[in-house]
Amino acid sequence: MNRIIEQSMGKYTNLLEPDAMELFSQYGINTPKCRLTHSPDEAAAAAADIGYPVVLKISSHDIVHKSDVGGVAAGLADEDALRKAYGNILTSAAEKAPNAEIAGINVMEMAEQGLECIVGMNKDDQFGNVIMFGLGGIFVEVLKDVSLQLMPITKDEAYEMISQIRGAKLLTGYRGSAPKDVDAVADLICRVADMVQDNPEIKELDINPVFVYEDGVKVVDARVIL
């Protein structure tokens, strides 16, 4: 069993996001620099190492949807903004999730904006592991423009998944916009599938969004349920 998963199994049902990012990194998936901190001073030191601007996110096994409790602050450009946001996040979390055990505040590199996509996975009782790809952010909630594929998955099947969504033209270039790195997206889908196949303790996951660029991809928010 993977060390990161073993530390949570039996105690928690979801990985802390810093742990999820470390797990992804083990499979060659591009993630932002991040560090779990336990005080404003630690957060300021982490941000100085990572480089501004940064994002702060509440980190708790009891909080799955961080934004629902006011647990995210993005685009923090300096230490004053960081310290203010740190306090606001803890205050909001205490009000909206008073029984949650807070592991700390994750300080994360502010990734350059890209096309928002989603990669997800869940275990179907009948068919087994199913991987999902689509447009991310609000697109997945409003348009539900996704494709599904049983695992294991080949690179050709990953390309087919990408081509099946209605918004595929946004990836291949639309009305003068530059094509995005479809090869990197297909590679990401395969790497996530490999990770899930290697770690059957993973019940479901959502990477939303993953930013897709003209060159490469970067995971900026992730949820892994055991």
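All values derive from a computational prediction rather than experimental measurement. (Residues numbered from 1 in each chain as written. Predicted model: local features only at pLDDT ≥ 70, side-chain atom pairs only at ≥ 80, totals over all residues. Heavy atoms only, no water.)

> Explanation requested: the nonpolar core in the structure shown.
Most often, soluble globular proteins keep nonpolar side chains buried together rather than apart. One finds Phe24, Phe133, Leu171 and Ile189 to be the most contacted residues of the largest nonpolar core, which totals 47 residues. With 11 residues, the single largest contributor to this core is helix H8 (residues 182-198). Residues in contact with leucine 171, not counting those within four places in the same chain, are Leu115, Cys117, Phe133, Ile162, Ile165, Pro179, Lys180, Val182, Val185 and Val212. Counting residues in each nonpolar core, the second largest holds 21 residues, with Val54, Ile58, Ile63 and Ile89 among its members. (Core = buried A, V, L, I, M, F, W, Y, C linked by side-chain atoms within 4.5 Å. Buried < 20%, exposed > 50% of the residue type's maximum accessible area, 1.4 Å probe, protein only. Helix = DSSP H or I, 4+ residues; strand = E, 2+ residues; numbered from the N terminus. Contact = heavy atoms within 4.5 Å.)

> Help me out: how do you make sense of the sheet that holds strand E2 (residues 54-59) in this one?
For sheets, the rule is that strands pair by backbone hydrogen bonds, running either parallel or antiparallel. Pairing within the open sheet is antiparallel, and its four strands lie in the order E1-E4-E2-E3. If you trace the sheet from one side to the other, it starts and ends with strand E1 (34-37) and strand E3 (72-76), each paired once. Mean inter-strand twist for the sheet, computed between neighbouring axes without regard to direction, equals 20°. Inspection of the sheet shows E1 paired to strand E4 (residues 104-109) by four bridges, in the antiparallel sense. Bridge assignment links leucine 36 to a residue of E4, and that residue is asparagine 106. Each of E1, E2 and E4 is contacted by helix H3 (residues 40-50), which is oriented at about 170° to E1, the strand it contacts most. Strands in contact with helix H4 (residues 79-96) are E1, E2, E3 and E4; relative to E2, the strand with the most contacts, it is inclined by about 25°. (Pairing = 2+ DSSP bridges. Axes fitted to C-alpha atoms, helices over the stretch in contact; angles between N-to-C directions.)

> Even after reading the chapter, I still don't get the pairing of strand E5 (residues 115-124), so can you show me in this structure?
Sheet faces and side chains relate simply in a regular strand, where the side chains alternate between the two faces. Looking at chain direction, E5 and strand E8 (residues 204-212) are connected through seven bridges and run antiparallel. Directly across from asparagine 122, in E8, lies its bridge partner glutamate 204. Where E5 hands over to strand E6 (residues 128-135), the hairpin turn is made up of three residues, counted between the paired strands.

> Is there a simple way to explain the pattern of salt bridges in this structure?
It is possible for side chains of opposite charge to pair when their charged atoms get near one another. Using the criterion set out here, one finds 12 salt bridges in the structure. Linking glutamate 17 and lysine 66 is a salt bridge whose minimum nitrogen-to-oxygen distance equals 3.9 Å. Pair noted here: glutamate 17 is in helix H2 (residues 17-26) and lysine 66 is in the loop between E2 and E3, with a separation of 49 residues, a long-range link. Of the two residues, glutamate 17 and lysine 66, both sit in the buried class. Between aspartate 206 and arginine 223 there is a salt bridge, with the nearest N and O atoms lying 2.3 Å from each other. Pair noted here: aspartate 206 is in strand E8 and arginine 223 is in strand E10 (residues 222-225), with a separation of 17 residues, a long-range link. (Salt bridge = Lys/Arg side-chain N within 4 Å of Asp/Glu carboxyl O.)

> Help me understand the side chain of asparagine 129 in this model?
Secondary-structure assignment places asparagine 129 in strand E6. Of the polar contacts made by the side chain of asparagine 129, one reaches the side chain of glutamine 197; its length is 3.0 Å. Once residues lying within four places of it in the same chain are set aside, the contact partners of asparagine 129 are Met121, Asn122, Lys123, Gln149, Leu150, Met151, Val196 and Gln197. (Polar contact = N/O pair within 3.5 Å; in protein donor to acceptor, adjacent residues only side chain to side chain.)

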